[in-house]
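For reference, the chains in residue letters:
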Amino acid sequence: MKLSALPVGKCARITAVGGEGALRLRLLDMGLIPGTVVRVQKVAPLGDPIQIRLRGYELTIRKEDAAKIDVEEGAAE
């Protein structure tokens with residue numbers, strides 16, 4: 001499942017981070033690394049961007065970038 005498809009309020013564990021070059025490095029630098037538990041906090045009214053919570057802070061990313069992150073639903077925060 002992709003992070004962009006995770007419903008609001010649900011938690012999941014990151015299994016893989018896709019993308020290439022600078023985009024992938026930027027996602028990893030923001031803390032989106034495999035094994036991290038994330039929770040979707042909010043989604044903007046038009047569906048983009050989405051706000052997620054991970055490692056004790058909130059992060060807002062574009063849905064296009066979230067679609068490059070594979071997650072496994074059902075992880076406890």
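Residues numbered from 1 in each chain as written. Predicted model: local features only at pLDDT ≥ 70, side-chain atom pairs only at ≥ 80, totals over all residues. Heavy atoms only, no water.

### Regarding the overall build of the chain
Next up, step 1: Along the backbone of the chain there are two helices and five strands.
Next up, step 2: Its C-alpha radius of gyration of 11 Å places the chain within 12% of the 11 Å reference for a compact globule of 77 residues.
Next up, step 3: Principal-axis analysis of the C-alpha atoms gives the chain an extent of 30 × 30 × 25 Å.
Next up, step 4: A buried classification covers 34% of the 77 residues belonging to the chain.
Next up, step 5: Taking all contacts inside the chain whose residues are at least 6 apart in sequence as the whole, residues at least 24 apart take part in 58%.
Next up, step 6: Accessible surface for the chain amounts to roughly 4300 Å². Of this, 52% is attributable to carbon and sulfur atoms.
Next up, step 7: Between the centroid of the 12 positive side chains of the chain and the centroid of its 10 negative side chains there is a distance of 3 Å. (Helix = DSSP H or I, 4+ residues; strand = E, 2+ residues; numbered from the N terminus. Rg over C-alpha atoms; globule rule 2.2 N^0.38 Å. Buried < 20%, exposed > 50% of the residue type's maximum accessible area, 1.4 Å probe, protein only. Contact = heavy atoms within 4.5 Å. Areas by Shrake-Rupley, 256 points an atom, 1.4 Å probe, with all protein chains shown as cover. Lys, Arg positive; Asp, Glu negative; His and termini not counted. Charge placed at Lys NZ, Arg CZ, Asp CG, Glu CD.)

### Examining the pattern of salt bridges
Next up, step 1: Using the criterion set out here, one finds four salt bridges in the structure.
Next up, step 2: Arg53 is the salt-bridge partner of Glu58, the closest N and O atoms lying 3.8 Å from each other.
Next up, step 3: Close ionic contact of Arg62 with Asp65 constitutes a salt bridge, the shortest N to O distance being 3.2 Å.
Next up, step 4: Judged by relative accessible area, Asp65 falls into the buried class, the value being 3%.
Next up, step 5: Taken together, the shared-partner salt bridges in this structure form one network comprising Arg26, Arg62 and Asp65. (Salt bridge = Lys/Arg side-chain N within 4 Å of Asp/Glu carboxyl O.)

### Concerning the pairing of strand β4 (residues 57-61)
Next up, step 1: Pairing geometry for strand β3 (residues 50-54) and β4, over five bridges, is antiparallel. When the bridges of β4 are listed, Arg53 appears paired with Glu58.
Next up, step 2: With antiparallel pairing between neighbouring strands as the criterion, β3 and β4 make up a hairpin whose turn holds two residues, including Arg55 at a positive phi of roughly 50°. (Pairing = 2+ DSSP bridges.)

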